[in-house]
Structures are given as C-alpha cells and as structure tokens.
Amino acid sequence: MQIANPKQLNKIRKEYLAKQDQYPKKIMVCCGTGCIANGALKLVDAFRDILKKRKIKGFTVEALKETGCHGFCEQGPLVVIEPDGTFYSKVKAKDVEDIVEKSIKKDEIIEKLLFTDPVDKKKITKYNDISFFKYQKRIALKNLGKISAHSIDEYIAYGGYQALAKVLSKMSQDEVIQEITKSGLRGRGGGGFSTGRKWKICKDIKAEAHYVICNGDEGDPGAFMDRSIMEGDPHAVLEGMMIAAYAIGAKQGYIYVREEYPLAVTHLEKAINDCENLGLLGDNILKTGFSFSIKIARGAGAFVCGESSALMKSVAGEVGEPRAKYIRSVVKGLYDQPTVLNNVETLVNVPIIIDKGADWYKKLGTPKSSGTKVFSLVGKVRNTGLIEVPMGITLREIIYDIGGGIIDNRPFKAVQTGGPSGGCLPESQLDLPVDFDTLTEVGAMMGSGGMIVMDDRTCMVDVAKYFLEFLVSESCGKCVPCREGLFQLLKLATKICEGRGEEDDLEKIEKLSDNIILSSLCGLGKSGPNPIMSTLRYFKDEYITHIKDKKCPAGVCRDLITYEILDNCTGCTACKPVCPVNAITGNKKELHVIDQNLCTQCGACFAVCNFDAILVS
Amino acid sequence: MINITINGRIVQAEEGEYLLSVLKREKIDVPALCHHDAVEPYGGCRLCTVEITKKEWNGWSDYVTSCLYPVEKGLIVSTHSTKVNEIRKTILDLYVARHPNSPEIKELAEQYGVFETTFETIADGDNCTLCGICTRICDEMGFHAISLVGRGHGKIVAPPLNEAPPDCTGCLSCALNCPTNFIKFKDEGDYRTIWGKKFELITCSQCGKKTITKEFAQYLSDNRDIPYEYFEICDECHRKQTALEMGKIANWTREEQS
Amino acid sequence: MKKRFIVNPSTCTGCRNCELACAFVHAENGKLGKSRIYPIDGGFKDLWVPVACLQCDDAACVKSCLVNALKRNPETGAIELNHDICVNCKACVAACPFGCSLIDEQHELIVKCDLCGGDPACVLFCPTKALQYKPIDNKTNKIAV
C-alpha cells in the first residue's frame, strides 16, 4: 500500500497508537551493538519463549520492543519498562522470568537489577533520575531506546515523516533552506559549516544531477554516535536525507556506512525497503512530483574515507583518496556533480527543526552554535557512554555531573576532544562552555564528538604518540607532509617516550607540525599534528621531564619506568604466574622480587596485586 | 581573460586556468615533482605550493598547490615568500630522509638549502617518491598495467598481485618519465625486460635496428587503425624508402620534361 | 591565409643547406638540434629527395599518440608535438611510414617538423627553391596562382 497524501500518514499513526493503547506496559530491550554483544538478543528470546508458553494479561510481543542504543553501553544489557521508566541494567537471560512475574504482571521493582549511582552508591529506579540521563537534552537521540529500531509504523506513530509531509506539501525549496539556515544548524561531523548555507550553494549550481550523501563513516576511534543513530533510528536518517534532497533538487542519495557497522546496514536496508513499499521513497513521493531513491554504499576499512572527497571516490568505486578541494564538493562532488555531504547527526536534526521550527532550535545552545551535540564520553569517568547535551554546557558539567567524576577519585588530568584531529585540554579549561568556536580557540576541536577523560595515570606524550600511530596507519599516502611528516612526528614522539629525546626535539616538532598543517592536502594531514601540538601547549613540562630527566611522571612509558615490589608484600604469589617473562622470584609467604633485567614493564603483576605492594616509578 | 598579480607583476590568464600553467607560461620556476602535462595534476608532492591572498582578505594568506588552483580575478600570488620557502624546505627535508640515495632529490633539496636531513633517515628508503607519474601515464595510455598499491607509508608502485602485468606492452613510458629514474628496465639483444615481464623487440626488416616491442606495436595496430607493417621498418629506413618512392615519381617528371 | 609546404625534388641538388638550417634553428643549450629534413638519394642519377614531414591529413603519428601530444595547428597547417605532454614512448617514431618523427638523442626528445611556426627555415635557405611554402586557394585547395 502506497501513501498518497499526508492524511494517510496520520491514519497509520492513529491506528498504530490505538493498537498500542491495549498495552499498559511496554518493555524496551536495548538492542544496540553494545548490548547485543553483552547478550541482549538472548533476553529477547527469553521474553519471546515465555510469551509462547503462556498468556500474560496486557503483554504480548507487540509490547516488546527491540530498541536502539541508550548510550549507556557499559551498563548493558538494559531493559526499561515504560511508561514508568523503571531502569534495569546488566540484565541476564535468567532474570527475564523475574521481570515478567514481578515488574510486568505486578508493579514490583527488582532491586538487584537497579543501577547504582557510582558517586553516592544509591540505587536508582527511574531512568530520568540517573544523573547520566538527567542532564541530557536528547533531540537527535530522542527516539533511541524509546522506539523499536525496525518498525516504520512505530516511527510514523511517534511523529515520523510529518516533517517530510510538511516540506513536500507546504514549503518551497528555498523556504526549507531558509528555515535550516535560520536554525543555525552546523555540521555535526566536525566541520561545523552552516548546513543551510551548504544546501543553498549546492542547489544554486546548474548541473545534470545533484546528490545527497550521508556520511556514516565515523572513523574516530571510540566514537559511536552515528552508529547508534543509524542502528536505532534509521528512519530519522532517511527523513533528513529526503528533506535535504528536496531542498537541493537531488533524485539520488547514498548512505556511506563504514564496513565495521553491519547492524547499521541491516537496519538501514530494512528502513529503505519499508519506505519504498509505502511510497515514501521512489517516484512521485506523496504524489507531489518529488522523486528520490537511496542506496547504501559500504566502506572498506579506511579512516580517510570519512573525508568528503575520498568518500565520494569510494562511493564511485575508486580508491578512496582525497583530492585538493579548491573546487569544493558542493560544486563538483560525486561523479563531478554538485553534492551535499552531511553527517548522520546533522541529518537527524533536520526533521526536528522542520517540525518544531528554527526559532525553537535557536533557543538551545549558544548564539553561534545552536542546538545540541552528541558526545561519546569515555575514559576514566565513572559513567561512560553517549550523551546529548546543549551546546554551551561546560566540560566540568559533562565530566562531573553527567560522567560522575573520575574513577577511584583520582585527579583529573586532561580531556581529549575531537578524536585524532582534536586536542587535549587541561584542568584550567574545565569551565569552558563547549561549542564549535570555543574549542577551536583553545587548540582543541569539536570533531565528531569524541571526549576521552584522562587521569593522572595517563601520559600525555604517550597519548600524542597513540594518535600519531593511528593517523600514520590511516594516512592515504598521497601527499608528502602527511605521509612523511606525520611519520617523522611519530618517530620524534616515540624517541621521547623511549628516553632518547633530545633538547631540540620540541622545536623540531613545532616547526614540522606548523608546516604539515599549512601544506597537507586534506583534513587528516592538516589536523594530524593537533594532538601533539595541544599536549605540547598545555603539558610542556611533562615533555621536558621525559627529555631532560628521562622520567615518565604518569608511569606509562615503559622504557622510563620500573616496577618494584615493596616491603608490604605478603608473598601471596599471585603475581608470579602472570609474569610473561618469569621475572618474579619468591617463595610463599616471603617477599617477592622482580628481576629488572627481565622485566618488560607490562603491568600484569601490578594488575593482580591486592596489597598495593607493587610500585611503579 | 583576467588580471592576476604574481610576485608583484600583473599578468593575464584565463579564468579557471590552473595557476601552475600560468607560472610556466610566465617562465616562473616553481618545483613540481609530481606534475606531468600528459596527465591531470595530482597535488601530491606539495612542492608547487604558493602563497595567495586577495585585497578583501585583509592580510590573511592561504597556501595552495598551484598545480590544482584555478585562478580568479584579483588573485595575488607570491611564489617564493619566506613561508613558502620554509614549506618547500621542510618537504624536501622529508624527501631526503626517505630517499637518501637519490641524486635528483639531493640536487633539488640543495636548491632550498637542505644538505642533509634534520629528521630520521629511513634506512631502507628506495628512490620511489610515490609521485604517481608512472601509474597515471600508464592509465592515460590505456594500459592500466601498474598502480599505486597500499596506503600511507607502505604505499608502493606495483603491478597487480606483484606479478608480471598482463596489460603492460613494454612502452617504457613509466620508466622514461620517472623523476628519480627509479623504474628499471633492460634492453638486451632481442628482448626487453621490465616489471618482471619479457618482451620481444621488433627488428627492422631492412637494417636490423631494434625499435619498439612487438606487444606495443600490436596494441597500436589493433586499436589505433595503423597497419602493422608500418612498424616493421625503422624510421631511418622509412626515410630512405620514402626518398626512393618519391624519387621514382620525380624521375618520370624529369623524363617527361626532357 | 593558409599555406602549404611544397617539395620539388627535381631542383634539389642535395646541398643539405636545409638540413643544416633546421639543425641550427632547433639548437638548445649550445648543442645542435636534430634536423627534421634530410635530402636522401632518390635512386637515380643526380636525383635527391628532401624527405620532410608531409603533415598528413590522416596522420599515423597522431593516431599512434596515446596521450594526445600531437595536434594540428590550424594557422600553419603543421602537426605539432607538445614536448610537455610527450611521454617519449616512440610510438610515433615507429608508426610514421615516412620516418618523419625522429629521436633527438642529444636532447632526449622526440621531434618532428612544425614548419617553424609559420616561417620554415629550410625554405629560406634552399638555394634552388626545391622547398617552398606557398599560399593555397581556399576553394580549390591548390596553390594560389
């Protein structure tokens, strides 16, 4: 059945909601990749088994929803009971029986499944009371964890495709572009370019074809914002693309998904299929004369293919290498035609802006960076996962209020923002309100939203080395400053970590970085020196200690640290068998000793010692 | 035609023309290692980087590779400013680190004051600068016999699967245009070897001189509407043959006139 | 006004002035260039034929060039070889049935006659007018009278 007009959309919505009204309780089982890895599908099977074997009043498979990712993956598998908002974490298949008997049939809470706040150690019952969720403003993520990830009916029921209907029946292309421009929406992939302006430039170019591409490559290590959105709310991505296509006059769109996201591809394919069946994709959509199709293009494991020109080459079946962008891809992109490339998160904001209006959106965030941003908060914080917060929130609020502070109450050292292209910020910057421009001014970068929190046991030189290793292996190799320059920067950083640093190394690093930034062909090279430059800016003393004193204050760089066993060793022999090089000698109940000649500083003994008897210095 | 300023001098150019071709026309020498006019500009070596600005930029400059930058009205270009020279020097420094044994790189580097590298020399660095000229020309010729393989620092120029390339015709365009003469080939007796593949050279049926490979001649004959017999005689013998053919005609004319 | 290069072997004395003029005109870096014209024994008594590029309508050299380095100059009528584009593959040298694409070993280049851009030196230096560069009638495509 194909939808012929917006009224029919409303009909589907009403019918679905009416059906759902029969179920007083709905069980949301998180089926994002993280929870699936932790066994979420076994939970779903367990629920289904129970429902097959017996009838439960007010609860059938229709009330069991496989939702997208809540963003709190470390606590998964997660089960949320709506409409109360009862939040169960680390649920196992064997707990399902209990959940059915106590929380579904009755209104009892299962204490042992509740989430415990890591700061005050209290158990929390409701979703909205958990500090991780309480301070968030979920707009791009509004459907994640709330609706089934594979149902177009559910998406429509909760407001989906209303924006598309409004655009196609009531707005001209220019009106759509004006609304998006007015909202101040800026590219969420890290570029921060005005989305509306990008669309306008593209639309104004006369060409054979215009294209819309959704950038789902998300190559930053540790970033999974776009993955969660593509898996958990695929229709929002499609709707955003459809509106963009209408605005610029495109008939064909592509979603470029990185190779490592098979679940996202499956869910997107189903969503596209469902849309085609309903007539929301294809020819003459909603009988308005607008035709648009979407295809999925897969990546093949290259970070550089997140760069717009390399991505477009990859979509066209060529080797993913960037090109000089003096002629921008909005002018000549895919197949040399004007192309709009937008990030996943940018696109899902579009239907919401059309629905609620640019003025509403502008009220959120800061004057120059309106709206919200999804961050991937990871590292040494107590609460890790995906969070969506209004622009302008401070780093302190993110790390302490939402993140729950540093694990083990260790001192905060730095937060790395923006992935391999970003920079590290120290404690002095914690009260910085986060938005595109403020982060760039202090030498960091919003990037795609990665935020890695570090404590005093993180070595900043080692962090710079880690990101350089990543970039060197992902560099496409076309231009010399990136291919050779980052390689030499890595050699310099490695030298320093290994205790071979020399006096003029820091000056060399600065000069080389400066030239790499000016002369690299693409963003990977241009922003490659950022991690080492920002750590040098704020943590120069640490570098100097490595070079002059040949010491690593954080106790990380293997060549500069020693592991020793202290006097309080009880001789429990826990450390002896885990040493990979048999460097530990000692009898039971006697002081053990590490042979420094054999020790490789791997840290295995330190990890198992329960008596804090191993000193790293 | 538009006016742009290069090193303080006003110069005319076609709007949208690549800046490097304007520089060449004005006889302004800018290094461009990965550039070859037979193929599209690449932007890989970054040596042709120049500093550009415009009046409305209020003193802000950008650094672009002239090989790919389309000129526009009011462009102000500086080809050897301090910053540009510093950029070129750094790039050449990096080149010398990677290719310590290349005389061509050494000579170019010395022009910018790089006599030895300030970075760590790569011990097994060969002389392939990954400029891509060979692969791009091979593609332009239509053979696609070799390509750039791999990513980043480990990139190399190689035939498919590192075996003798089935599509190579032994034309030597790759080897003859390599800026560092890295690609090796051998012409010995009746045969030519390159990329691990052996080719038979055509022997002139008149004088015995060796010309191009049979494979290359066959390709041209099959695809470019040239009779294969044209390739069986060398250019010198062709001239002699032409003289004899024209001579016959001239002789009749002479006989008729007398 | 379109012109055409005319060779009249009957009046050629084999003096090789043309060959010398051509080599001089194409000298570079203190080295003589490679002449594009050679008077060669015509096979009969006192008969010399100056062999030079015929600027063929359906030129084998143009067809053989896989990088489009050979193009007709509409003003002079000559087929010109662009040295910046040429990749030195010698396809044209092997393909020309008249042997008029040549290898300049000294300068490591492939060369061919380009009619000196419209004022051929060999014509200027030929003492017997065996070589001429004359206007042609656009209608009849023959030498204008």
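Residues numbered from 1 in each chain as written. Chains lettered and ligands numbered in written order. Predicted model: local features only at pLDDT ≥ 70, side-chain atom pairs only at ≥ 80, totals over all residues. Heavy atoms only, no water.

## A closer look at the sheet that holds strand 4 (residues 62-65) of chain B
Residue and element names in this part refer to chain B.
Logical step 1: The strand order across the open sheet formed by five strands is 2-1-5-3-4, and the pairing between neighbours is mixed. Each edge of the open sheet is held by one strand with a lone partner, namely strand 2 (9-13) and strand 4. Going across the sheet, the axis of each strand differs from the next one's by a mean of 35°, ignoring polarity.
Logical step 2: Pairing between strand 1 (residues 2-6) and strand 5 (residues 76-78): two bridges, direction parallel. What sits directly across from Thr5, in strand 5, is Ile76. (Pairing = 2+ DSSP bridges. Helix = DSSP H or I, 4+ residues; strand = E, 2+ residues; numbered from the N terminus. Axes fitted to C-alpha atoms, helices over the stretch in contact; angles between N-to-C directions.)

## Notes on the sheet that holds strand 7 (residues 211-216) of chain A
Residues and elements named next belong to chain A.
Logical step 1: Taken together, five strands build an open sheet; the order of strands is 9-10-8-7-11 and the sheet is mixed. Each having just a single partner strand, strand 9 (282-285) and strand 11 (339-343) make up the two edges of the open sheet. Going across the sheet, the axis of each strand differs from the next one's by a mean of 25°, ignoring polarity.
Logical step 2: Here six bridges tie strand 7 to strand 8 (residues 252-257), and the two strands are oriented parallel to one another. Residue pairing across strands places Val212 opposite Gly253, the latter belonging to strand 8.

## Description of the packing of helix 20 (residues 505-519) of chain A against helix 2 (residues 82-98) of chain B
Logical step 1: Running from N to C, helix 20 of chain A and helix 2 of chain B cross one another at 105°; their axes reach a closest spacing of 10 Å. In this view, helix 20 of chain A runs roughly perpendicular relative to helix 2 of chain B, as classed from their interaxial angle. Across the interface between the two elements, A:Lys511, A:Leu512, A:Asp514, A:Asn515, A:Leu518 and A:Ser519 from helix 20 of chain A touch B:Lys83, B:Glu86, B:Ile87, B:Thr90, B:Ile91 and B:Leu94 from helix 2 of chain B. (Parallel < 35°, antiparallel > 145°, perpendicular 65-115°, else oblique. Contact = heavy atoms within 4.5 Å.)

## Here we look at the interface of chain C and chain B
Logical step 1: Taken together, the contacts link 38 residues of chain C with 33 residues of chain B.
Logical step 2: Together, the buried faces of chain C and chain B total about 3,000 Å²; carbon and sulfur atoms form 66% of this surface.
Logical step 3: Taken as a group, C:Lys63, C:Leu66 and C:Val87 account for 21% of the area that chain C buries against chain B, more than any other trio of residues on that side.
Logical step 4: Here chain C is connected to chain B by one salt bridge.
Logical step 5: Between C:Lys63 and B:Asp225 there is a salt bridge, with the nearest N and O atoms lying 3.2 Å from each other.
Logical step 6: In this structure, the connection of chain C to chain B is made through eight residue pairs in polar contact (both at pLDDT 80 or more). (Buried area = accessible area lost by both parts, 1.4 Å probe. Salt bridge = Lys/Arg side-chain N within 4 Å of Asp/Glu carboxyl O. Polar contact = N/O pair within 3.5 Å; in protein donor to acceptor, adjacent residues only side chain to side chain.)

## Here we look at the interface of chain A and chain B
Logical step 1: Taken residue by residue, the interface counts 30 residues in chain A and 30 residues in chain B.
Logical step 2: Where chain A abuts chain B, roughly 2,800 Å² becomes buried across the two surfaces, and 58% of that area is made up of carbon and sulfur atoms.
Logical step 3: Applying the counting rule to chain A against chain B returns 20 residue pairs in polar contact (both at pLDDT 80 or more).
Logical step 4: Where the side of chain A that touches chain B is concerned, the elements lending two or more residues are helix 18 (460-474), helix 19 (480-497) and helix 20 of chain A.
Logical step 5: For the side of chain A that touches chain B, the element with the highest residue contribution is helix 19 of chain A, accounting for eight residues.
Logical step 6: Classifying every residue of the side of chain A that touches chain B gives 12 nonpolar, nine polar and nine charged. (Nonpolar A, V, L, I, M, F, W, Y, C, P; charged D, E, K, R; others polar.)

## What about the environment of A:Leu512?
Logical step 1: Considering the arrangement of structural elements, one finds A:Leu512 in helix 20.
Logical step 2: Owing to a relative accessible area of 2%, A:Leu512 belongs among the buried residues under this scheme.
Logical step 3: As a C-alpha pair, A:Leu512 and A:Gln488 span 24 residues in sequence and 8.8 Å in three-dimensional space.
Logical step 4: When neighbours within four sequence positions are excluded, A:Leu512 is seen to be in contact with A:Gly485, A:Gln488, A:Leu489, B:Thr90, B:Leu94 and B:Phe119. (Buried < 20%, exposed > 50% of the residue type's maximum accessible area, 1.4 Å probe, protein only.)

## Brief notes about the environment of A:Leu598
All names here are of chain A.
Logical step 1: In this fold, Leu598 is placed in the loop between strand 19 (593-594) and helix 24 (604-608).
Logical step 2: Between the alpha carbons of Leu598 and Ile584 there is a distance of 9.0 Å; along the sequence they are 14 residues apart.
Logical step 3: Not counting residues within four places of it along the chain, the set of residues in contact with Leu598 comprises Val581, Asn582 and Ala583.

## Topic: the pairing of strand 16 (residues 450-455) of chain A
Residues and elements named next belong to chain A.
Logical step 1: The buried fraction of strand 16 amounts to five of the six residues, a majority that puts the element mostly inside the structure.
Logical step 2: With four bridges joining them, strand 12 (residues 372-379) and strand 16 adopt parallel strand pairing. Directly across from Ser376, in strand 16, lies its bridge partner Gly450.
Logical step 3: Taken together, the five bridges between strand 14 (residues 412-417) and strand 16 define a ladder with antiparallel strand orientation. Each bridged residue has a counterpart across the sheet, and for Ala414 the counterpart in strand 16 is Met454.

## With respect to the pattern of salt bridges
Residues and elements named next belong to chain A.
Logical step 1: Tallying each qualifying case throughout the model produces 53 salt bridges over all chains.
Logical step 2: Where Lys25 meets Asp107, a salt bridge forms, and the shortest distance between an N and an O atom there is 2.6 Å. Pair noted here: Lys25 is in the loop between helix 1 (6-20) and strand 1 (26-30) and Asp107 is in the loop between helix 4 (96-104) and strand 5 (115-116), with a separation of 82 residues, a long-range link.
Logical step 3: Accessibility expressed as a relative area gives 11% for Lys25, which makes it buried.
Logical step 4: Asp505 is the partner of Lys495 in a salt bridge, and the nearest nitrogen-oxygen pair spans 3.1 Å. In this pair, Lys495 is assigned in helix 19 and Asp505 in helix 20, connecting sequence segments 10 residues apart.
Logical step 5: The class of Asp505 is buried, set by a relative accessible area of 0%.
Logical step 6: Linked by salt bridges that have partners in common, Arg54, Glu97, Glu101 and Lys105 make up one network.

## Considerations on the arrangement of the chains
Logical step 1: By number of contacts, the leading pair among the two pairs of chains in contact is chains B and C.
Logical step 2: As for chain C relative to chain A, no contact occurs, and the smallest C-alpha gap between them is 22 Å.

## Concerning the nonpolar core
Taken as a class, soluble globular proteins show a tendency for nonpolar side chains to be buried jointly.
Logical step 1: Within the largest apolar cluster, 133 residues are counted, with the highest numbers of intra-cluster contacts made by A:Leu486, B:Tyr95, B:Met141, B:Phe216 and B:Phe231.
Logical step 2: The leading source of residues in this core is helix 19 of chain A, at 10 residues.
Logical step 3: Setting aside anything within four residues of it in sequence, one finds A:Leu486 in contact with A:Leu468, A:Leu471, A:Val472, A:Pro481, A:Ile516, A:Leu524, A:Gly528 and A:Pro529.
Logical step 4: In terms of nonpolar packing, the next biggest core, distinct from the first, is built from 72 residues, A:Ile152, A:Met230, A:Leu280 and A:Val344 among them. (Core = buried A, V, L, I, M, F, W, Y, C linked by side-chain atoms within 4.5 Å.)

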